[in-house]
Amino acid sequence: MAPYKIITLLILFSSFLASCTSALIEPESPEIVEPTPSQTPSPGAKVSQPTQAKGLADYEFPDRPDPDQRYLFYLHGKIIEDQGLPAISPDFGEYEYEAILEALSSSGYFVISEQRLKDTNAVAYARKISEQISVLLEAGVPPENITVVGASKGAAIAIYVSHFQENEELNYAILAICHPDYIDILLRDKISLKGNVLSIFDSVDEFAGSCQELFSFSEGKGIERYEEIVLDIGTGHGILYQPMEEWILPVIQWVDTK
C-alpha cells in the first residue's frame, strides 16, 4: 500500500476512534463529559433537526408500545451525524439509511431509528436508548422481543446500551466496531456486554475487528449467547452502507434463534 494511503487511513481511523470513544468512559467516573440538554431528550422525545429526512417519521419511538410487537432499534454510522442526509462517502458511496430501515421493517419488526445530531455524545445517547427500552419493558414487551442493531459508531452506542441495561434476554447486533484499540478502551473502563450479542464485520475492514476479546471479558458478567461472523465481501466498512443480505439475514436469524 502506498505511504500516503497508509497515512490517510491512520488519520481517518484516529478521527473515527476519537468520535466513538471520547465520551466512552466508565459511567460512574467523574471524568465523564455531560451532554447539553438537547443531547439527552426524554424517552420517546422527538429530536428537532432541520436535516431530518421526511421518511424517518415512520420510525419514531411509539407513543403507545404494543406488548405483542417486536421492536428493533437501528443506530446508524457516524457519517450521517457529520453530513446529514444524504450522506455520501467517497470510498463507499451513499449510506442507504432509509433502505436499511425498510429492509429491517420487512422482516416484521417495528423499527425505531432517528438521525442523530452532529457529534452526539455516545454515552448520553446510549442512556436515552436504554431508557426507551425500559419504557418498552414496563409496557409489557418481553425482553426477547427487543433488539438493538448498531453500525460503527451506532455499534459503540449499542455496546453501552447493553452495559447499562444488564438484561440477559435482550438482543444486540454490533456491526463493524471491535478494532483492537477500541477494545482496549472498553476493557480499561470495565465495559462488558450483557444479553445475546452478534458481531459482524468484513475481513478487510481497517476500522473494525474481532469482538472475541470483549466476549471473553464479558463471560460471567451477564452475556448469555454470542457469536461472530466475519464476512469476506471485500468492501470493508462499506458493508454498512447498504442493506446487504450478508448482514441483514444473519441479524434476523440471530434474533429469531431462541
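Keep in mind the model is a prediction, meaning the values are calculated, not measured. (Residues numbered from 1 in each chain as written. Predicted model: local features only at pLDDT ≥ 70, side-chain atom pairs only at ≥ 80, totals over all residues. Heavy atoms only, no water.)

## Concerning the sheet that holds strand β1 (residues 71-75)
Formally: For two strands to be treated as a pair, DSSP must find no fewer than two bridges joining them. Put simply, DSSP marks the helices as runs of H or I at least four residues long and the strands as runs of E at least two long, and each gets a number from the N terminus on. Only the contacting stretch of a helix is used when fitting its axis, a line to C-alpha atoms as for every element, and angles between N-to-C directions run 0 to 180 degrees. The criterion used for residue contact is that any of the two residues' heavy atoms lie within 4.5 Å.
The six strands lie next to each other as β4-β1-β5-β6-β7-β8, forming an open sheet whose pairing is parallel. Each having just a single partner strand, β4 (110-112) and β8 (223-231) make up the two edges of the open sheet. Across this sheet, the average inter-strand angle for adjacent strands is 15°, counted without regard to direction. Sheet topology places β1 next to strand β5 (residues 146-151); five bridges connect them, and they run parallel. Bridging from a neighbouring strand, Tyr74 pairs with Val149 of β5. Each of β1 and β4 touches helix α3 (residues 97-105); the most contacted strand, β1, lies at about 160° to it. Set on the sheet, helix α8 (residues 245-256) makes contact with β1, β5, β6 (171-175), β7 (195-202) and β8; between it and β7 the angle comes to about 165°.

## As for the environment of Asp181
Its place among the elements puts Asp181 in helix α6 (residues 180-188). On a C-alpha basis, the gap between Asp181 and Gly209 in space is 9.8 Å, while along the polypeptide they are 28 residues apart.

## Remarks on the packing of aromatic side chains
Where we set the bar: Aromatic rings from Phe, Tyr and Trp, with only the six-membered ring used for Trp, were paired whenever their centres fell within 6.5 Å, and each pair was classed as stacked if the ring planes differed by under 30 degrees, edge-to-face if by over 60, and tilted otherwise. The buried label applies to any residue whose accessible area, calculated with a 1.4 Å probe on protein chains only, is under 20% of its type's maximum; exposed applies above 50%, and partly exposed to all values in between. For a ring to carry a charge above it, either NZ of a lysine or CZ of an arginine must fall within 6 Å of the ring centroid while also lying within 35 degrees of the normal to the ring plane.
A full pass over the atoms with the stated rule returns six aromatic pairs. Here the aromatic rings of Tyr71 and Phe110 are separated by 5.2 Å at their centres, their planes lie at 55°, and the arrangement is tilted. Residue Tyr71 is found in strand β1, and its partner Phe110 is found in strand β4; the two are separated by 39 residues along the sequence. Assessed through its relative accessible area of 1%, Tyr71 is described here as buried. An aromatic cluster is present here, built from Phe92, Tyr95 and Tyr241 joined pairwise through their rings. One cation-aromatic arrangement involves Lys221 over Phe217; the distance from NZ or CZ to the ring centre is 4.3 Å. Over the face of the ring belonging to Trp254 we find Arg225, whose NZ or CZ atom lies 3.9 Å from the ring centre.

## A short note on helix α4 (residues 122-138)
Definition in use: Here a helix's expected span is defined as the number of its residues, less one, multiplied by 1.5 Å. For the purposes of these results, a polar contact is taken to be a pair of N or O atoms within 3.5 Å, where, inside protein, one atom must be able to donate a hydrogen and its partner to accept one; residues adjacent in sequence count only when each atom of the pair is a side-chain atom.
With 17 residues, α4 should reach 24 Å at 1.5 Å per residue; the first-to-last C-alpha distance of 24 Å fits that figure. Ala122, Val123, Ala124, Tyr125, Ala126, Lys128, Ile129, Ser130, Gln132, Ile133 and Leu136 are the residues of α4 that are buried. N-capping of α4 is provided by Asn121, with a side-chain oxygen placed 3.2 Å from the backbone N of Val123. Phi turns positive one or two residues past the end of α4, at Gly140, with a value near 100°.

## Some points on the confidence of the model for the protein
What counts, and what does not: The predictor attaches a confidence to each residue, and that confidence, scored 0 to 100, is pLDDT.
When pLDDT is averaged along the protein, the result is 84, and 79% of the positions lie at 70 or above. Within the model, the stretch residues 3-51 combines pLDDT values under 50 with 78 contacts to residues more than four positions away or in other chains.

## Quick word on the pairing of β5
Going by this rule: Note on handedness: a clockwise path from strand one over the helix to strand two, with the strands aimed away from the viewer, defines a right-handed crossover.
A large share of β5 lies buried, amounting to six of its six residues. Judged by which residues are buried, β5 turns out to be covered on both faces: Ile146, Val148 and Gly150 on one side and Thr147, Val149 and Ala151 on the other are all buried. Of the pairings in the sheet, the one linking β5 to β6 comprises five bridges and is parallel in character. Note on β6: the bridge partner recorded for Gly150 is Ile174. Read from β5 through helix α5 (residues 153-165) to β6, the crossover connection turns out right-handed.

## Thoughts on the nonpolar core
Where a protein is soluble and globular, its nonpolar side chains tend to be buried together. Rules: In these notes, a set of buried Ala, Val, Leu, Ile, Met, Phe, Trp, Tyr and Cys residues joined through side-chain atoms within 4.5 Å is what counts as a nonpolar core.
Membership of the largest hydrophobic core comes to 38 residues, with the highest contact counts inside it found for Phe73, Ile159, Ile174 and Ile177. Every element with two or more residues in this core is listed here: β1, α4, β5, α5, β6, α6 and α7 (212-218). At eight residues, the largest contribution of residues to this core is made by α5. One finds Leu56, Ile80, Tyr95 and Ile248 within the second-largest nonpolar core, a separate group that totals 34 residues.

## Focus: the pattern of salt bridges
Put simply, the rule reads: Here a salt bridge means any side-chain nitrogen of Lys or Arg lying within 4 Å of a carboxyl oxygen belonging to Asp or Glu.
Within this structure, the stated rule accounts for seven salt bridges. Arg70 is the partner of Asp256 in a salt bridge, and the nearest nitrogen-oxygen pair spans 2.8 Å. Highlighted residues: Asp256 in helix α8 and Arg70 in the loop between α1 (3-21) and β1, separated in sequence by 186 residues. Since its relative accessible area comes to 40%, Asp256 is described here as partly exposed.

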